[in-house]
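# Coordinates in review
For reference, the chains in residue letters:
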Amino acid sequence: MTTKERAAQRLADGTPAEGEGQQKVTNLWADAWRRLLRNRAAVLGGVIVILIIVAAVFAGQIAPYDYAAGDSADNYAVPLWICKVMPGNMEAYATISDEFTLGADYLGRDLLSRVIYGARVSLPVGFAGALISLLIGLIYGCISGYYGGRVDNIMMRIVDIMYAFPTMLLIILLMAFFKTTFSGEPVPGTAAYTFGQINDAVDGLLGLEGGGMLFIFMGIGITAWMGTARLARGQILSLKRKEFIEASHMIGSGDMRIISRHILPNIMGPILINVTLAIPGFINTEVFLSFIGLGVDPPTPSWGSMISEGARGIRSYPNQVLVPALALALTMFAFNFLGDGLRDALDPRMKGTS
Amino acid sequence: MGRYIVRRLLNMIPTLLFISLVTFGLAKAIPGGPFDREKPLPAEIVANLNRYYGLDQPNWKQYTDYMGLTRNPSGEYAGVFQFNFGPTFSSRSRTVNDIFKDHLPVSMQLGGGALVIALIIGIPLGIIAALKQNSGWDYLSMGIAIFGVSVPTVVLAPLFIVIFALGLHWFPVAGWGSIDKMVMPSFALGLGYSAIIARLTRASMLQVVREDYIRTARAKGLRDRVVIIRHALKNAFIPVATVLGPMFAAVLTGTLVVETFFAIPGLGRYYITSITNRDVPVIIGTTLLYAFFLVVANLLVDITYGFLDPRIKFD
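So, a few notes on the structure that sits alongside this text. Keep in mind that what you see is a predicted model, and the values were worked out from it rather than measured.

## Description of the overall build of chain A
Scanning chain A for helices and strands turns up 15 helices and two strands. Buried residues in chain A amount to 46% of all 354 residues. Looking at chain A alone, contacts between residues at least 24 apart form 72% of all its contacts between residues at least 6 apart.

## Side note on the overall build of chain B
Helices and strands together make up the secondary structure of chain B, namely eleven helices and two strands. Put simply, chain B runs from its N terminus to its C terminus through helices and strands in the order α-α-α-β-β-α-α-α-α-α-α-α-α. With the C-alpha coordinates of chain B rotated into their principal frame, the extents come out at 85 × 55 × 30 Å. At a minimum sequence separation of 6, the contacts of chain B that also span at least 24 residues come to 69%.

## Brief notes about the interface of chain A and chain B
Every contact between the two is made by 38 residues of chain A and, on the other side, 44 residues of chain B. Of all the secondary-structure elements, those providing two or more residues to the side of chain A that touches chain B are helix H7 (149–164), helix H8 (167–181), helix H13 (255–291), helix H14 (303–312) and helix H15 (318–346) of chain A. The class makeup of the residues in the side of chain A that touches chain B is 28 nonpolar, nine polar and one charged.

## Some thoughts on H13(A)
Compared with an ideal rise of 1.5 Å per residue, which puts 37 residues at 54 Å, H13(A) spans 46 Å between its outermost C-alpha atoms and falls more than 12% short. A positive backbone phi angle near 85 degrees is found at A:Gly293, which sits one or two residues after H13(A).

## Structural notes on the environment of B:Pro40
Residues and elements named next belong to chain B. With respect to the helices, strands and loops of the structure, Pro40 is situated in the loop between helix H1 (2–29) and helix H2 (43–52). Pro40 sits in the exposed class, given 10 other C-beta atoms within 10 Å. Sequence spacing of Pro40 and Asn50 is ten residues, and the spatial spacing of their C-alpha atoms is 14 Å.

## As for the pairing of strand E2 (residues 91–95) of chain B
All names here are of chain B. With zero of its five residues buried, E2 lies for the most part at the surface. Pairing of strand E1 (residues 87–88) with E2 involves two bridges; the strand directions are antiparallel. Bridge pairing in E2 links Pro87 to Thr95. Hairpin remark: E1 followed by E2, antiparallel, with two residues in the connecting loop.

## Some details on the packing of helix H4 (residues 96–131) of chain B against helix H7 (residues 179–208) of chain B
Closest axis-to-axis distance for the H4(B)/H7(B) pair is 5 Å, and the angle between their directions is 35 degrees. The crossing of H4(B) and H7(B) is right-handed.

## Brief notes about the packing of helix H6 (residues 111–147) of chain A against H7(A)
Residues and elements named next belong to chain A. Between H6 and H7, whose axes approach to 7 Å, the crossing angle comes to 140 degrees. The orientation of H6 relative to H7 falls into the category oblique. Both H6 and H7 take part in a crossing whose hand is left-handed. Of the residues in H7, those touching H6 at Tyr140, Ile143, Ser144, Gly145 and Tyr147 are Gly149, Val151, Asp152, Met155 and Met156.

## Examining unusual backbone geometry
The omega angle of the peptide bond from A:Pro298 to A:Pro299 is 5 degrees, so this bond is cis rather than trans. Within the secondary structure, A:Pro299 is located in the loop between H13 and H14. Even without glycine at this site, B:His169 takes up a positive phi of about 60 degrees. As for its placement among the helices and strands, B:His169 is situated in the loop between helix H6 (153–167) and H7. The phi dihedral of B:Ala263 is positive, around 50 degrees, even though this residue is not glycine. Examined against the element boundaries, B:Ala263 turns out to sit in the loop between helix H9 (224–261) and helix H10 (267–276).

## Description of the environment of B:Gly266
Residue and element names in this part refer to chain B. Residue position: Gly266 is located in the loop between H9 and H10. When the C-alpha positions of Gly266 and Ser107 are compared, they lie 4.8 Å apart, and in sequence the two are 159 residues distant. Contact partners of Gly266, with chain neighbours within four places excluded, come to His103, Val106, Ser107, Leu110, Thr255 and Glu259.

## Some thoughts on the environment of A:Thr228
Residue and element names in this part refer to chain A. Inspection of the secondary structure puts Thr228 in helix H11 (residues 226–239). Sequence separation between Thr228 and Ala278 is 50 residues, and the spatial gap between their C-alpha atoms is 10.0 Å. In this structure, Thr228 is in contact with Ser133, Leu134, Gly137, Leu138, Gly141, Ile271, Asn274 and Val275, ignoring residues within four places of it in sequence.

Scoring rules and cut-offs
Residues numbered from 1 in each chain as written. Chains lettered and ligands numbered in written order. Predicted model: local features only at pLDDT ≥ 70, side-chain atom pairs only at ≥ 80, totals over all residues. Helix = DSSP H or I, 4+ residues; strand = E, 2+ residues; numbered from the N terminus. Buried ≥ 20, exposed ≤ 12 C-beta atoms within 10 Å, placed from the backbone. Contact = placed C-beta atoms within 7 Å. Nonpolar A, V, L, I, M, F, W, Y, C, P; charged D, E, K, R; others polar. Expected span 1.5 Å × (residues − 1). Pairing = 2+ DSSP bridges. Axes fitted to C-alpha atoms, helices over the stretch in contact; angles between N-to-C directions. Left-handed = near helix turned anticlockwise from the far one by under 90°. Parallel < 35°, antiparallel > 145°, perpendicular 65-115°, else oblique.

By themselves these figures say nothing about function.
Put into structure tokens, the structure is as follows:
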């Protein structure tokens, strides 16, 4: 870097030259981190998220039973304490068995183990959704906002059209398409076969034996990037006429350099906030898909499919639907607290807004 | 204003055409046909059925026939452009229009009920929180709001059933058709949206009460209630109005979960069945209908902007 460039850089970043600033140099991220730690709700949310991650990673060690195998003798088994708590006097008909802390489902599979393994589905979906929406949205929005003009017009028109899609219906249709096209035994060499291979690899990576996670990622990814793209574009439009960008242009920086060094660091805050706050939504989408039978393939447990299985016996065995439902609610709480805290920390001006 | 609306309406046509094309493509790409049965039908019968429904035509022709852009095999223009959403493969005597007529009002009532609940809970909650910022009321309202955002419909619905139907026997477990059956589904669907509205109302209210014109109104000696209702609320409502359109569309598609839990004969549940049955006309019809609601809702929002805030000009 030449001296001139370094000077422009300092101008752009607002960092003082050597020996110039006497006060302690603080940067945005360290500041934000301190504010985040001071927010008790956010810390609680973060701790819960970490606990759920740990549960997901070490599901094999934590879960007392296998998630797929059940004994028909244990069908609908209910521990005594649940009988006492739940309405409907289950003692009259339930198989009482304290072998299972939270009871067993209609195939005699331990609910606790299935809920723990279910985190291996929900968490990756949340993070993958966020990552895809971040990557596609950011790149798309940067190109559109930075180059402007006709490119911007066309690209934003496409986003508008995507926005007009009833998202839920599109995802359902996409999942139906993925599920039928890539299931079964495709012939080696075809696209379906390749996708199947990638999917198996993804499932293996997540510690699941089957499940079809790749297709859920794809379904959510296709419908998740538009918000980020719009936000990134808007941010860039307001930034690109600023003096420090002009200055960078003047000393001859290329587009890539300006985007990566000067624009991205300045727009990352709001975008990260946005993406974090979207995580519960992605988790919810997967739960919904599994609920209607278009999410993960059985016997892989998803909280959504557990809720749908449990809902069938809701009159007699309410614990079967409540266990996964409460696990889901806890996860959503944690991510919402964390996301809210992150927003307050990264952009104190936005505190308390939606 | 008039020209703006006309231009927006014209813009809808390519958007909806594109959506119909993508939906048709996806629906057709799903392997299997509408007449696949556990026990296969004789080939001649399938061929006859295919001819009857025009499924022996090339795909592009089926699409243009369905949209009403070309003459269908019976020599008529009968398609979406003529407000004819085609036959349904699952019933000979009914058309997709009939299905809409039967099931859409149910989903609409459910969605409408949910939206009303979202508004009557969300707006007062947001106003109270904003007017008593950083007080116990504020924290309580925002606590309720974060609960609403975090607990999705899939969780609320069974929770309500277990507590209010099985435990307390206040409401029937499932079904549709009377007011008492509407309560739980509407709450299960609307509570999450009330949280969004509460937070939005609070944020925009906080911004508005600091504006100069509010100070002017107070300086004029207007009563507090008049200032809040006439001057602050109207302006604070603008951001809320902008989410109502997309929210209504989301509520409509969101009715799907609630419909399944409470056994409500809405359009959402029918849509899922139609995918399993490869009932392509129902799939495209429903998607187009909801997409239409979505774009119209967005347009209405943009128009209400102009009424609520005279500073916004259309070009």
